[in-house]
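# An overview of the molecular structure
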Amino acid sequence: MTKEKEPITDQEALAYHAEGKPGKVSILPTKPLMTQRDLSLGYSPGVAVPCLEIQKDPSKAYDYTAKGNFVAVISNGTAVLGLGNLGALAGKPVMEGKAILFKRFADIDAIDIEVDTRDVDEFVNAVKFLGPSWGGINLEDIAAPECFIIEQRLREAMDIPVFHDDQHGTAIITAAALINAAHLTGRSFRDIKVVVLGAGSAGIACLELIKRMGIRHENALLVDKTGVIYEGRAEGMNQWKSAHAVKTKKRTLAEAMDGADMFMGLAAKGAVTKAMVKSMAKNPIIFAMANPDPEITPEDVRSVRSDAIIATGRSDYPNQVNNVMGFPYIFRGALDVRASSINEEMKVAAAEAIARLAREEVPEEVSAAYSGRKMEYGAEYIIPSPFDPRLMTTVPVAVAQAAMKTGVARKPITDIAAYKKELAARRDPTANSMQHIYDKVQSAPQRMIFAEGEEEKIIRAAVHWRDNGFGQPILVGRVERIQDLMKKMAVADYQNIEIANAAVSGHVDKYIDYLYPRLQRHGYLYRDVARMVKNDRNIFASCMLQAGHGDAMVTGITRNYTVSLENITRVIDPLEGEFLFGITVIVAKGRTLFFADTTVQELPEPEQLAHIAVKTAQAARRMGHEPRVALLSYSTFGNPMRERSSRIRDAVKVLDTMKVDFEYDGEMSAGVALNREMMSLYPFCRLSAPANVLVMPALHTANIAAHLLQEMGNGVTIGPVTMGLSRPAQIAQMNATVSEIMNLAAIAAMHAINQQSKAAKLPGKGKKAK
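Now for a look at the structure at hand. Please read all numbers here as calculations on a predicted model, not as lab measurements. (Residues numbered from 1 in each chain as written. Predicted model: local features only at pLDDT ≥ 70, side-chain atom pairs only at ≥ 80, totals over all residues. Heavy atoms only, no water.)

Time to look at the overall build of the protein chain. Looking only at helices and strands, one finds 31 helices and 20 strands in the protein chain. Its C-alpha atoms give the protein chain a radius of gyration of 29 Å, near enough to 27 Å, the size a compact globule of 770 residues would have. Projected onto its principal axes, the C-alpha positions of the protein chain cover 95 × 70 × 50 Å. Of all 770 residues assigned to the protein chain, the portion counted as buried reaches 53%. Intrachain contacts of the protein chain at a sequence separation of at least 6 include 70% that bridge at least 24 residues. Accessible surface computed for the protein chain: about 35100 Å², of which carbon and sulfur atoms make up 53%. Of the side-chain charges in the protein chain, 91 are positive and 89 negative, and the distance between the mean point of each set is 3 Å. (Helix = DSSP H or I, 4+ residues; strand = E, 2+ residues; numbered from the N terminus. Rg over C-alpha atoms; globule rule 2.2 N^0.38 Å. Buried < 20%, exposed > 50% of the residue type's maximum accessible area, 1.4 Å probe, protein only. Contact = heavy atoms within 4.5 Å. Areas by Shrake-Rupley, 256 points an atom, 1.4 Å probe, with all protein chains shown as cover. Lys, Arg positive; Asp, Glu negative; His and termini not counted. Charge placed at Lys NZ, Arg CZ, Asp CG, Glu CD.)

In structure tokens form, the structure reads like this:
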């Protein structure tokens, strides 16, 4: 287990939400609106035609509107996170966050709706009357017991799925974990004695679901702040608690825990003691899910019960119970069959699918990110990682099949194999890959040199690097200047942030003696090199990296890419037998494209283009994409024939001789490479689908295209990622955000980890310089 770090500061959280367009969501049109004809089709008079069709047949709304892939995240803000009743408006950032999770994990469009009332009737009516807008409703952060009434009444009144995630999402993931914990300890649900601490929405929903799955009523004790909920208790009771009252003489949590097989906590930090755990049955199952701090820590459990299976709500312990494994995929399956509700059978199917997934072999891309953990079915792996890409092709299928079996599916799926392929196509692995990179770095922290240490963005990135456990940041710059900036930025904690100043560094002479022989025949005197090392932060930082006084480096926000790369390559060589080039990754409109070379080679020769294609395909595959490489040109397969196009055709011939393991073809225009319909005009084309790796004919076209998409595409850019350096250095763009700087730092750190791993396999290698 890694030590829990403070992930963000208040200032960073506010800056994240305010940067660019305020908030986290926007609406983009899916149809062209460029001409009068487009306007006539999209609005009056053309829009009248689908209106009339929907009037005749309401199900046509799924064909002619966004309803079928549209979920509303609705709250009144009465139970926002663990903060209590903040009100509808204050809860909006959470609801926007939930909306982007739907998109990120399941490609579902979602909109947040904040209803400013605590009155149940008003809330129900507001949602009910707006209901035709959406294909499903996710209720969120509504206080108990009103949440039970609201959900039940809306389910009865509406013919679309209504799902309170705080109840059922938690219950489904918890049930999945319990299925496997019971399996590992040789228990049957029928015989398990359970204690549930917390009689709010989540606790009661968890108890109801596991009872449906086999836990016997008399074997389950529900405990709230007052104590055990038993038959005849009057204090603090309501109808939902009463439904779980049992005949028992036990009155306290300690008494309930004595001899219990399982503890399920949805309460508060420190509610459970070591003595309670010690009194439990053999091989106890302990799910301490209070956030941010569990009812009892795994360390405390282990100190008295080495035979326990433990789960928490935290990512820094094994077996994290995280709702994101559930709600996006449950809605995905429900929407795809146009389910009228999410019933108990669909919830059980989701839990069982998640449990089965944990018993399968873990994909390399997931296990690589958790190198410090045993990613194999067992006591420390009873539920999958929230970032397991197989969730998208597993849980929706199980939910959809359960919906069809129970008769709530209005559009049954006839070809499950084809449906799985559709689901896989919806999943963009790029975000998963970046998360895996961050997780890998967290498990093997790296000393990151930030060359432009006197810039606010860089200081924020450095603090973020430290606070997330990615390693020690090293800021290059003047100590007084950096510390003054930190004070202005309200960075109170300077611990574990090193400041490296060339003016006082004891390594300067060593750096000069290394660099002078490299540059003396390139017009530089010794004093020129000395001035460079002492005054140029990129040169100084590169010397630090080359000497092993840091593990990786990032720069770029104060100088353009070409100047920064020139500085770095004065100190650091390319890898033997390779040359430098850049890859820019752009994620927009549900697609990820890899552009190369966007930074270095002005007019690559055929052999260079082939090399760029191979290396970029490898990078795409490392990020979870099966590469389909298009070598782009103005012409397409000889039409029109241009002299310059021969370079591209020759590059294809070079690839033909290399026996590569990915699809490629060219020369072709971008229109053919990216458009399935256009590509179909060339049946001999070797690409099975539109390209995701675009090898550009020249630096000018590559750089311009990438920047145009970045500025106009409303997407996410990673890079440019510098390829081919012998040491891990990356160069950010001058307008890079803190997030973009962090991404490049993580990529550089990953490069360092790979180098260290290779060096460790060689005798006498792999130790970091001191």
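There is more to say, and it comes next.
This paragraph deals with the pairing of strand β1 (residues 70–75). With 5 of 6 residues buried, β1 lies mostly within the body of the structure. As judged from the 6 bridges shared by β1 and strand β2 (residues 109–114), these two strands associate in the parallel manner. Its bridge partner lying in β2, V73 is registered against D112. Viewed along the sheet, the connection from β1 through helix α5 (residues 92–106) into β2 turns out right-handed. Examined bridge by bridge, β1 and strand β3 (residues 136–139) share 4 bridges and lie parallel to one another. Bridge pairing links V73 to N138 in β3. (Pairing = 2+ DSSP bridges. Right-handed = clockwise from strand over helix to strand, strands pointing away.)

Okay, the pattern of salt bridges next. Across all of its chains, the model carries 37 salt bridges by this definition. Ionic pairing is found between E566 and R570, a salt bridge with its closest N-O pair at 3.3 Å. Classification of E566 as partly exposed rests on a relative accessible area of 44%. A residue is classified by how much of its surface remains accessible, and R570, at 18% relative accessible area, is buried. One network of salt bridges, in which partners are shared, links K92, E96, D112 and E114. (Salt bridge = Lys/Arg side-chain N within 4 Å of Asp/Glu carboxyl O.)

Tracing the backbone shows N501 in the loop between β12 (498–500) and α22 (508–519). What makes N501 buried here is its relative accessible area of 16%. In this structure the side chain of N501 is engaged in a polar contact, spanning 3.0 Å, whose partner is the backbone nitrogen of A503. In this view, N501 contacts G477, R478, V479 and F540; residues no more than four positions away in its chain are not counted. (Polar contact = N/O pair within 3.5 Å; in protein donor to acceptor, adjacent residues only side chain to side chain.)

Before going further, it helps to examine the pairing of strand β13 (residues 552–555). With burial as the criterion, each face of β13 is covered, one bearing A552 and V554 and the other bearing M553 and T555. Note: strand β10 (residues 448–450) against β13, 3 bridges, orientation parallel. Within β13, the position partnered with I449 by the bridge is M553. Bridging between β13 and strand β20 (residues 729–731) involves 3 bridges; their strand directions are parallel. Paired with T555 across the strands is I731, a residue of β20.

Residue P145 follows A144 across a cis peptide bond; omega there is 5 degrees. Here P145 is to be found in the loop between β3 and α7 (146–157). Geometrically, the link from A596 to D597 is a cis peptide bond, its omega value of -10 degrees lying close to zero. Turning to its location among the elements, D597 is positioned in the loop between β15 (591–596) and α26 (606–622). One non-glycine residue with positive phi stands out, namely N319, at about 60 degrees. With respect to the element layout, N319 can be found in the loop between β9 (309–312) and α14 (327–336). The backbone of N496 shows a phi angle near 60 degrees, a positive value even though the residue is not glycine. Here N496 lies in the loop between α21 (479–488) and β12.

The next thing to look at is the sheet that holds β3. Strand order in the open sheet made by the 4 strands is β2-β1-β3-β4, with parallel pairing throughout. With one partner strand each, in any of the chains shown, β2 and β4 (162–164) form the two edges of the open sheet. Taken pair by pair, the neighbouring strands of this sheet meet at an average axis angle of 25 degrees, ignoring direction. Taken strand by strand, α5 contacts β1, β2 and β3, and its axis lies near 165 degrees from that of β2. (Axes fitted to C-alpha atoms, helices over the stretch in contact; angles between N-to-C directions.)

It is worth spelling out the state of the cysteines at this point. Within the structure shown, the criterion is met by 0 disulfides. C206 supplies the cysteine sulfur nearest to C147, a cysteine that is in no disulfide, at a spacing of 13 Å. For C206, a relative accessible area of 1% puts it in the buried group. (Disulfide = S-S within 2.5 Å.)

So, on to the packing of aromatic side chains. Here the structure, examined in full by the defined rule, presents 13 aromatic pairs. When the centroid spacing of 5.5 Å and the interplanar angle of 55 degrees are considered together, the rings of F637 and Y682 count as tilted. With a gap of 45 residues between them, F637 in the loop between β16 (628–632) and α27 (646–658) and Y682 in the loop between α29 (676–679) and β18 (693–695) connect regions that are remote in the sequence. A centroid spacing of 6.1 Å and a plane angle of 70 degrees characterise the contact between F662 and Y664, whose relative ring orientation is edge-to-face. Three or more aromatic residues link up through ring pairs in this structure, and these residues are F102, F163, F327 and F331. When the ring centre of F327 is taken as origin, the NZ or CZ atom of K98, which lies over that ring, is 3.8 Å away. (Phe/Tyr/Trp six-rings, centres within 6.5 Å; stacked < 30°, edge-to-face > 60°. Lys NZ or Arg CZ within 6 Å of the ring centre and 35° of its normal.)

Our next topic: the packing of helix α23 (residues 526–535) against helix α24 (residues 537–547). What describes two packed helices is the angle between their axes and the distance between those same axes. Interaxial distance between α23 and α24 falls to 5 Å at its minimum, and their mutual angle equals 90 degrees. Taken together, the axes of α23 and α24 lie roughly perpendicular to each other. Contacts between α23 and α24 pair M532, V533 and N535 from the former with R537, I539, F540 and C543 from the latter. (Parallel < 35°, antiparallel > 145°, perpendicular 65-115°, else oblique.)

The subject of this paragraph is the nonpolar core. Ranked by size, the top nonpolar core spans 102 residues in total, and within it I74, I137, L139, I172, F287, M346 and I383 carry the most contacts. Broken down by element, the residue count for this core peaks at 10 residues, all from helix α8 (residues 165–184). Beyond its immediate chain neighbours, meaning those up to four positions away, F287 contacts T174, A177, L178, A181, M262, F263, M264, G265, A311 and I382. Counting residues in hydrophobic clusters, the runner-up holds 64 residues, among them M448, I612, A613 and I753. (Core = buried A, V, L, I, M, F, W, Y, C linked by side-chain atoms within 4.5 Å.)

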